[in-house]
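Structure assessment
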Amino acid sequence: MTVMEQRGAYRPSPPPAWQPRTDPAPLLPDPEPHRVLGTEAAAQADPELLRTLYAHLVRGRRYNAQATALTKQGRLAVYPSSTGQEACEVAAALVLEEQDWLFPSYRDTLAVVARGVDPVQALTLLRGDWHTGYDPREHRVAPLCTPLATQLPHAVGLAHAARLKGDDVVALAMVGDGGTSEGDFHEALNFAAVWQAPVVFLVQNNGFAISVPLAKQTAAPSLAHKAVGYGMPGRLVDGNDAAAVHEVLADAVRHARAGGGPTLVEAITYRVDAHTNADDATRYRGDAEVDTWREHDPILLLERELTARGLIDEDGMRAAREDAEAMAADLRARMHQDPVLEPMDLFDHVYAEPTPQLREQREQLRAELEAEAEAGQSPRPEGALR
Amino acid sequence: MTVMEQRGAYRPSPPPAWQPRTDPAPLLPDPEPHRVLGTEAAAQADPELLRTLYAHLVRGRRYNAQATALTKQGRLAVYPSSTGQEACEVAAALVLEEQDWLFPSYRDTLAVVARGVDPVQALTLLRGDWHTGYDPREHRVAPLCTPLATQLPHAVGLAHAARLKGDDVVALAMVGDGGTSEGDFHEALNFAAVWQAPVVFLVQNNGFAISVPLAKQTAAPSLAHKAVGYGMPGRLVDGNDAAAVHEVLADAVRHARAGGGPTLVEAITYRVDAHTNADDATRYRGDAEVDTWREHDPILLLERELTARGLIDEDGMRAAREDAEAMAADLRARMHQDPVLEPMDLFDHVYAEPTPQLREQREQLRAELEAEAEAGQSPRPEGALR
Amino acid sequence: MSTVAVRPATMAQALTRALRDAMAADDSVHVLGEDVGALGGVFRVTDGLAEEFGEDRCTDTPLAEAGILGTAVGMAMYGLRPVVEMQFDAFAYPAFEQLVSHVSRMRNRTRGAMPLPLTVRVPYGGGIGGVEHHSDSSEAYYMATPGLHVVTPATVADAYGLLRAAIASDDPVVFLEPKRLYWSKDAWNPEDPAPVEPIGRAVVRRSGRSATLITYGPSVAVCMEAAEAARAEGWDLEVVDLRSLVPFDDETVCASVRRTGRAVVVHESGSFGGPGGEIAARVTERCFHHLEAPVLRVAGFDVPYPPPMLERHHLPGVDRILDAVGRLQWEAES
Amino acid sequence: MSTVAVRPATMAQALTRALRDAMAADDSVHVLGEDVGALGGVFRVTDGLAEEFGEDRCTDTPLAEAGILGTAVGMAMYGLRPVVEMQFDAFAYPAFEQLVSHVSRMRNRTRGAMPLPLTVRVPYGGGIGGVEHHSDSSEAYYMATPGLHVVTPATVADAYGLLRAAIASDDPVVFLEPKRLYWSKDAWNPEDPAPVEPIGRAVVRRSGRSATLITYGPSVAVCMEAAEAARAEGWDLEVVDLRSLVPFDDETVCASVRRTGRAVVVHESGSFGGPGGEIAARVTERCFHHLEAPVLRVAGFDVPYPPPMLERHHLPGVDRILDAVGRLQWEAES
Ligand SMILES: Cc1ncc(C[n+]2csc(CCOP(=O)(O)OP(=O)(O)O)c2C)c(N)n1
Ligand SMILES: Cc1ncc(C[n+]2csc(CCOP(=O)(O)OP(=O)(O)O)c2C)c(N)n1
Ligand SMILES: [Mg+2]
Ligand SMILES: [Mg+2]
């Protein structure tokens, strides 16, 4: 039986014998984003999970700060910080099993690190070194993806392939609110639903696509409402409530794993920092707005809950901070060593075997480098190149 | 005040102060497609409108048959027939005012003709002559569009431009069920909703995209359900009920004209003929299915209503058929004259002014043609080109 | 050599056979695209595959080319070998971003960790009386994109051999199928197809001493015809069928041009910025002192592909090729 | 000539000024793109336009490049003159189908009834330390698409003049902005910008007698530097800045090459299938008997654009240009 046959096929019969279709009601998101922290539901949350989330949030925040600092020091070419969005980043990584796959956007270094990729390797792209610093297969983490939303069909194809092979694999793909406007978002969600692929789409709605606010991005009741148009459930969650994000994503992953098909999750959060270090956020938003969101900070929310329930004390919080500091110190130290790049590597992975044309060009560069080395250094100024 | 400001901007406030968003309920389509013919609502329908629709349907059916016949005679390169879908084709053209614009897909020659374009001119593309045989500005009909869904953003841009200029113009854009899967569909609908552009999107869901049935195209409750994801109303209509299609489209046009923004209309219909004359429909569907739909034929439905209400008699029906025959005879006669194409025209409209390169190439062709003419005919065989 | 009789087969049949053999030989080969299932594709190249291998191996996708190629990338990331069908050349454009920004670069950006063994079949070119958007020659776009292989057959046997090689390649291959050759027939033995050669070798289709016609795909047959006609004018033309645009077989091409001292590049694609510029430039760089005349180009005009009623004026035909050969400064020799 | 002092201005400032002047002169000029409003674009080229002309004239769109270009087509169909900003070269790829299948062909397919006066601004090229997908040179794709004009400035004055000309053109223009020149400064008088020349004329930036460097956009400055350095080696190089790739100024280019007898084409874009092939081929066709050596090409390697830490090895620099000049078979002369 093919994948297509397993799912009850929908096909409109000729009017007037109109057949009942999929009921849209269960696909529609609740009007209010799901919350756990600070609600009665929090009492049911697993204390161990909450503590783990907390440690990761603190680490994540510190990682963002450290990477931003490294950018100022010229150690990174660019860093798109996820400060304020750590709950989404961390939960996305933690809900996955070993064999599952993560498809991050360019903002999701934190999720990549939380999934287990070495913090320095995860920054390879952003420091101006080769494009992907880790082996995607080793970690089951796709390369950080810059062309917006283009990673989403990859996630669908991979999940579909795994399902065809009978493997128990779920793919979780991350995208921003701006990315939902791209055609690739649409096509990926549609393929996923038609194929009932085990994929979870996590939209981090952080209010902005660089300078463009959500109101100029969509007129929808919510981004999660897009799900019904594909025939998959849409879920809305408070993206700063780590417990809620974890719960909603874990449900969606479970649903996908059980053969229930894809889910679209919209997490409402906020990008506290500028778009990247190169961005000037004062051009398009005021401090007051940022301040409101600081009061709804993901770490603060979780800390309050943990403290209220007596699940953490000052020592516990200090331990988390110290662990984060150690990570940051290590990151700092290792990032201050300049990576050694081999120019000849330019040609080695364009194809499995370099073409004759690339072999010629390789020879040319080799000769140039030798001449340069012989001359001690470039004899002529290279100013025009920088 | 900018267009953006006129529409109440949606922007999620930080949780927990969650603001109520657009209410999705009114955007969702009714579970049953809207119907008029054969229902009590039919009594309210304007008799004149019903008679006009009838005349156009009969003409349209005849046009499809004639064009298909011309294809078999080698007079047309290809013809994608809309037999069975005439109600949508005709209503789409008739709901528009003089100043409005129609954006047809490659299947919508009938709508183009119903809008007033000369029946022969409308076939220019399909007979293998130049790509567009009419002046789009004269008729406010965009060229028939082959790359699927790419005409939709054009409609949005044009409607937006007209609105910015303060002109009273609505654009109606047509697309198939298959076309809804393209990224351009998504992007166009999103732009339309964000800009509140006066556009009506008419999806003719005829069950197939060439051979691919709807079940492999989408898992949505209906295509109209996609509307809510853009924040526009979605409407479902029986696409073979000319009165219902006209009513739903007219409402949507009125809504757009009044500044209410775009609407997505899904018309459930059926492609009775093969995809084009080149297609073999027996490869992917059985006769039985086609036959069921024949019982729900748009002309039959309307004829029944008109007869039951005494709005037409045998004479009236004969008159409609005779009018259609006259159109077909004229079409036949004029299509049997071979158009005269000027090879040198290849170069004249690539740019406002031909580039020096094109002028050179033009000279080359001119010289070749002269040599050919002198030699009486091509001295060497040209077999390899065919 | 098998003893089975060599029967005429069409290029479409050879392509179908190549897909079938590849799918039978390797479970990880999956075909996907629009109408590739029950219909067998609009050119019937995937005919019978869904029936034989099931819909999960030969899948009708939703109608969205970026989605098709994008999901194929994901499938390849998981270790499958997807073969994607684009319905017509111009309908591959929606997938351009996936092709350029992902397909062509995934191996390089992951430093070899994540190769994409993926074939994109694109029916291309004109001469079939197609209405607008159905006759584009898009090879210039693919040639200018490092990381892709670009191949195109001109014969039935090559259609089989090159498609098998493309599917077997560990790198992405854009496989250009000349539409107007789908129904061309050659004597070809499906039970004993020629061995699958590696991608990247041109072949001399006709030896000659006067000048070299460098061509590929749909224009090979036209060049062969031109070479025949040229005998009447006293020219003995060599015809080189490139077969692979990337990698480019400089060796075979330049050996021929050095021998003949004159060359014309022939293709349907527009001239300006088209493949002929690259070919003429690299041949000139390598064979300058062997050239009696500049390398000339006979190509489609630099206009959007014309309507069926005018396409014969656009496509490079025998006359136009011979005119170019005539402009190769023969007086310089005498 | 005005008496206002000539002050140094950046290319970005000149582009802003061109947009502003065009918008002020003609109500139908509309700017749209991602972040072009309050932010003024990521390169600040649209700085202040939304404030001055309102958000309906300078509009932040949803994040979808095909949608941006597709709606711009509709706006142009209604008589507006849209100026679209693509944020980076590689992010124009999603709009490729709209560009090739509609923008470039609308005038032709409607037999002149529906021209599209539309400008697509594309920041292109590398040298700015951008991470992947931020440094592509995509001009080969646009050159191979009949119906588009393709222009690119190398100086502050040309940035103004060419952009005004592009917006004034009744045909679609792909306006390529060399990213690494955005902050380059020239003496330029915004109150008295040079007259807007029609598109299609190259300019000799430096006269010389030994050989011609044919180049454009970001490589012009590098070639000027190379020409200076070449003096030490006894070469007097001419530098031709093409400014317009389509139409191509055969006249100016060939006049120079006929004078010098030697030429090198220099660009950042990859070599194989890149603009240099076309340029070398057409120069050779026209100047064959004036050439002492084959036209050589110095270009980016045929690899996906490398990471910032390696880009200096990829980009054509002074040394590589001089090496090529050295290979122009000077012994043949003596
Ligand atoms: C196809 C494409 N277009 C444009 C860009 C440039 N760009 C990078 S990030 C960005 C905004 C993304 O916004 P969103 O999706 O909301 O993600 P966020 O930055 O908020 O995480 C833009 C326009 C890109 N990377 N890819
Ligand atoms: C971008 C693009 N991809 C593929 C095609 C080839 N094609 C032409 S019609 C068609 C099916 C269209 O189905 P649908 O949108 O349902 O319209 P219908 O034919 O039923 O009217 C396909 C795949 C095309 N024209 N454009
Ligand atoms: Mg965002
Ligand atoms: Mg359909």
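Please read these numbers as outputs of a predicted model, since none were measured by experiment.

1. Regarding the overall build of chain C
In terms of regular secondary structure, chain C is built from twelve helices and 14 strands. Projected onto its principal axes, the C-alpha coordinates of chain C cover approximately 65 × 50 × 40 Å. Counting only carbon and sulfur atoms, one obtains 49% of the accessible surface of chain C, whose full area is about 8700 Å². Each charge class in chain C was averaged separately, 30 positive and 45 negative side chains, and the resulting centres sit 4 Å apart.

2. Quick look at the sheet that holds strand 13 (residues 263-270) of chain D
All names here are of chain D. In spatial order, the strands read 9-11-10-13-14; together these five strands make up an open sheet with mixed pairing. One side of each edge strand has no neighbouring strand; the edge strands of this open sheet are strand 9 (203-206) and strand 14 (296-300). Here the average twist between neighbouring strands, direction ignored, is 25 degrees. As paired strands, strand 13 and strand 14 are joined by four bridges and run parallel to one another.

3. Here's the deal with unusual backbone geometry
Residue P247 of chain C follows V246 of chain C across a cis peptide bond; omega there is -5 degrees. Topologically, P247 of chain C is positioned in the loop between strand 12 (244-246) and helix 9 (250-260). For R243 of chain C, which is not a glycine, the phi torsion comes out positive at approximately 65 degrees. Phi at D35 of chain D takes a positive value of approximately 65 degrees, unusual for a residue other than glycine. Residue placement: D35 of chain D occurs in the loop between strand 2 (29-33) and helix 2 (49-53). Its relative accessible area of 3% is what places D35 of chain D among the buried residues.

4. Regarding the domain arrangement of chain A
For interface size, the figure often reported is the accessible area lost on association. Structurally, chain A comprises domain 1 (25-335) and domain 2 (343-375). Summarising the inter-unit geometry, the C-alpha centres of domain 1 of chain A and domain 2 of chain A are found 40 Å apart.

5. Re the side chain of D177 of chain B
Residue and element names in this part refer to chain B. Here D177 is to be found in the loop between strand 2 (171-176) and helix 7 (183-195). Buried charge D177 goes without a salt bridge, the closest partner of opposite sign being R271 at 7.5 Å. The contact partners of D177, leaving out residues within four places of it in the chain, are V203, Q204, N205, N206, G207, F208, A209, L214, Q217 and L223.

6. A look at the coordination of the magnesium ion (ligand 4)
All names here are of chain B. Taken together, the protein donors to the magnesium ion (ligand 4) comprise D177 (OD), N206 (OD1) and F208 (O), at separations of 1.9 to 2.1 Å. Within one chain, the residues serving as donors to the magnesium ion (ligand 4) are arranged as D-x28-N-x1-F. With a gap of 29 residues between them, D177 in the loop between strand 2 and helix 7 and N206 in the loop between strand 3 (199-205) and strand 4 (208-209) connect regions that are remote in the sequence. There is no split in this pair, since D177 and N206 are both buried.

How each quantity is defined
Residues numbered from 1 in each chain as written. Chains lettered and ligands numbered in written order. Predicted model: local features only at pLDDT ≥ 70, side-chain atom pairs only at ≥ 80, totals over all residues. Heavy atoms only, no water. Helix = DSSP H or I, 4+ residues; strand = E, 2+ residues; numbered from the N terminus. Areas by Shrake-Rupley, 256 points an atom, 1.4 Å probe, with all protein chains shown as cover. Lys, Arg positive; Asp, Glu negative; His and termini not counted. Charge placed at Lys NZ, Arg CZ, Asp CG, Glu CD. Pairing = 2+ DSSP bridges. Axes fitted to C-alpha atoms, helices over the stretch in contact; angles between N-to-C directions. Buried < 20%, exposed > 50% of the residue type's maximum accessible area, 1.4 Å probe, protein only. Domains from an automatic or database assignment. Salt bridge = Lys/Arg side-chain N within 4 Å of Asp/Glu carboxyl O. Contact = heavy atoms within 4.5 Å. Donors = N, O, S within 2.8 Å, 3.2 Å for Na, K, Ca; no water.

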